[in-house]
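# Examination of the molecular architecture
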Amino acid sequence: MSWVFFSAQSLLVLSDRKVKIADTRYEVVKLMNTVVNAETGLRGYLLTGSVQFLEPYNRSSKDTALLFSQIKSREKDFAEFTPILITLDQLIKEKFSAIESTLQVQLTAGSYSPHLKFTTGASKLLTDEISNEVNKLDKILRDENDRIEVTLSLTINRLKLASLVVVFLIISILLVNYKRTISLFEHASSSQELAEEFGYLAMHDALTHLPNRRNFEQYLKKSISQAARSKQKVGLLYMDLDGFKLINDQFGHDAGDDALIGAVTKINHVLRDSDFIARVGGDEFALVAHNFNDSSELLILANRIIQALKEPVIAIAGRDVFMGISIGIAIYPDQVKSIKSLISAADEAMYKAKSTGKNQAVLH
Ligand SMILES: Nc1nc2c(ncn2[C@@H]2O[C@H](COP(=O)(O)OP(=O)(O)OP(=O)(O)O)[C@@H](O)[C@H]2O)c(=O)[nH]1
């Protein structure tokens, strides 16, 4: 990354240098032009005697001095200029002194003098020498410009490559993070599903999917405290299947499971929406009832359950399987004042139903 930063910085430095070279080249080329223009101005004056040619000569003479001092100030940027500028300075001085003396002769003579100095080979030679030195300056600048061009194109190509690498890296990082995020989400959602499943299993019976004993106890506790606040009754029906062991013994445990599920289905059909039923033991169930006026309504409910089981719970090998149920009923707060005594009272009533003939409901 730091390499990219340095390359980008060197691009800026090289670009600045290129601008400086272009500016200096412009001054160098212009210097040669002003020298030629000065001579041309003088030539015009000498050939025509018209003073209007003196104006371009004077301007070019000033421009030459100005440009030369500008180029001189560039020496700190272009060290190779120094010896050339010393020679060029001398040559320009000589050239302008030759031009000046020619001008004086003309001004004194007042007419065209064919022998004048600027036409001589020596003056021409001076112009060529100046041109030579100016070309040397220009060559230094061109050579450096060419070197910069090569470095620039190399740096730009490297930067393009580096940009591609950076883009590739960013895409890779994004892709890896995306995959990681997706797998985290998947993990989180599967953990969530697992947590929900464990939560469900912790509160429900795996075979019948009814609420389990713990669920029942929590529900009953909540129901009692709500009933206590709102002065309502809570009825508890404790139920135990009759002769279930026999089904297991006769048809096997799996058939027993099916019979259990069949019995629960039958019971569920006769319950009201407000009734809460839980499996609290092997073949034991507890039903919490609300919204009733007195014990007779609970007896009616218990008898509906007994009636429901008068039909076969399952058929095994073409044989209908029947099951009875003994139910004990207790009511809070009419008969008992606590959750513990409510459960005991219902349980006792259920045992009474068992011991006095089974398949019946007994009120505490
Ligand atoms: N198939 C099956 N049997 C179970 C399950 N849980 C408990 N049992 C059996 O259910 C029977 C319950 O015993 P009991 O209540 O004494 O049997 P019962 O024949 O109903 O006796 P009574 O209540 O006196 O009529 C036992 O044999 C247990 O092994 C279960 O999930 N599946």
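Just so we're clear, the structure is a prediction, and the values are computed from it rather than from any experiment. The numbers attached to residues start from 1 for each chain and follow its sequence in the written order. Two thresholds apply to this predicted model, a pLDDT of at least 70 for residue-level local features and 80 or more for giving and counting side-chain atom pairs, whereas whole-chain, interface and lining totals are computed over all residues. In computing side-chain properties, one takes all heavy atoms of the structure into account and sets aside hydrogens as well as water.

### A short note on the packing of aromatic side chains
Applicable threshold: Planes of paired rings set the category: under 30 degrees apart is stacked, over 60 is edge-to-face and the rest tilted, where pairs are Phe, Tyr or Trp rings (Trp by its six-membered ring) whose centres lie within 6.5 Å. The way it works is that DSSP assigns letters per residue, a run of H or I at least four long becomes a helix, a run of E at least two long becomes a strand, and they are numbered from the N terminus. Burial classes: relative accessible area under 20% of the type maximum marks a residue as buried, over 50% as exposed, and values in between as partly exposed (1.4 Å probe, protein chains only).
Counted according to the given criterion, the structure contains two aromatic pairs. Measuring from ring centre to ring centre gives 3.8 Å for Tyr219 and Phe276, while their planes differ by 10°; the resulting arrangement is stacked. Of the two residues, Tyr219 is situated in helix α5 (residues 213-230) and Phe276 in strand β2 (residues 276-279); the sequence distance between them amounts to 57 residues. For Phe276, a relative accessible area of 13% translates into the label buried.

### Brief notes about the site of the ligand
Worth spelling out the cut-off: Near residues are defined by distance, with any heavy atom within 4 Å of the molecule or strand qualifying the residue. Whenever a nitrogen or oxygen atom comes within 3.5 Å of another N or O atom, the pair is scored as a polar contact, on the condition that within protein one atom can donate a hydrogen and the other can accept it, and that pairs from neighbouring residues in sequence are kept only if both atoms are in side chains. Per-residue and other accessible areas follow the Shrake-Rupley method at a 1.4 Å probe size, with only the shown protein chains counted as cover for residues.
Taken together, 16 residues lie near the ligand, and Lys245, Asn248, Asp257, Arg279 and Lys354 sit nearest. Within the side chain of Asp283, one N or O atom sits 2.9 Å away from an oxygen atom of the ligand. In isolation the ligand has 650 Å² of accessible area, and contact with the protein removes 67% of it. Those elements that place two or more of their residues in the shell around the ligand are β1 (234-242), α6 (244-251) and α7 (253-270). At four residues, α7 tops the list of elements feeding residues into the shell around the ligand.

### Considering the UniProt feature "transmembrane region" (unreviewed entry) in the protein
Basically, it comes down to this: UniProt positions are given in the numbering used here, feature names are shortened, and annotations may be inferred rather than shown by experiment.
Here, UniProt's "transmembrane region" (unreviewed entry) annotation points to residues 161-178. What you have in residues 161-178 is 100% helix and 0% strand, and the ends, taken at the C-alpha atoms, are 25 Å apart.

### Some remarks on α7
Put simply, the rule reads: Given the number of residues in a helix, its expected span is that number minus one, multiplied by 1.5 Å.
Taking 1.5 Å per residue as the helical rise, α7 with its 18 residues ought to reach 26 Å, and the 26 Å between its terminal C-alpha atoms agrees with that figure. Of the positions making up α7, those classed as buried are Ala255, Gly256, Ala259, Leu260, Gly262, Ala263, Val264, Ile267 and Val270.

### A few points about the pairing of β2
Threshold: Two strands make a pair as long as DSSP finds a minimum of two bridges between them.
Of the two faces of β2, both are covered, the one formed by Phe276 and Ala278 as well as the one formed by Ile277 and Arg279. With four bridges connecting them, β2 and strand β3 (residues 284-289) associate as antiparallel partners. Directly across from Ala278, in β3, lies its bridge partner Ala286. Here β2 folds back onto β3, and the loop between the two strands holds four residues.

### A closer look at the side chain of Thr155
Our working rule: Any two residues whose heavy atoms approach within 4.5 Å at even a single point are treated as in contact.
Relative to the helices and strands, Thr155 resides in helix α4 (residues 121-203). The contacts of Thr155, once residues within four sequence positions are left out, are Ser7, Ser10 and Leu11.

### Observations regarding the nonpolar core
In globular proteins that are soluble, nonpolar side chains generally tend to be buried together. Stated precisely, the cut-off is as follows: Here, nonpolar core refers to any group of buried Ala, Val, Leu, Ile, Met, Phe, Trp, Tyr and Cys residues whose side-chain atoms link them within 4.5 Å.
Among the nonpolar cores identified, the biggest contains 36 residues, and Leu237, Leu241, Ile305, Ile325 and Ile327 are the most heavily contacted of them. Secondary-structure elements contributing two or more residues to this core are β1, α6, α7, β3, α8 (295-308), β4 (314-316) and β6 (324-332). Take this core: its biggest share by element is seven residues, from α7. In terms of nonpolar packing, the next biggest core, distinct from the first, is built from 35 residues, Leu31, Phe81, Phe96 and Leu152 among them.

### What to know about the packing of α5 against helix α9 (residues 339-355)
For the record, the criterion: In this analysis, axes come from line fits to C-alpha atoms, helices being fitted only over the stretch in contact, and the angle between any two N-to-C directions falls in the range 0 to 180 degrees. What sets the label is the angle itself: under 35 degrees gives roughly parallel, over 145 gives roughly antiparallel, 65 to 115 gives roughly perpendicular, and the rest give oblique. For any helix crossing, the convention is left-handed if the near helix is rotated counterclockwise from the far helix by under a right angle, and right-handed if that rotation is clockwise.
At a closest axis distance of 10 Å, the pairing of α5 and α9 adopts a crossing angle of 120°. Classified by the interaxial angle, the pair formed by α5 and α9 is oblique. Helix-helix and strand crossings are classified by hand; for α5 and α9 the assignment is right-handed. Between α5 and α9, the residues in contact are Phe216, Glu217, Leu220, Lys221 and Ile224 and Ile339, Leu342 and Ile343, respectively.

### Quick look at the pairing of β6
Counting buried positions over the nine residues of β6 gives nine, a clear majority of the element. Taking every second residue as pointing to the same face, both faces of β6 are buried, with Gly324, Ser326, Gly328, Ala330 and Tyr332 on one and Ile325, Ile327, Ile329 and Ile331 on the other. Here β1 runs beside β6; their pairing, made up of nine bridges, is antiparallel. Its bridge partner being in β6, Leu241 is matched across the sheet by Ile325.

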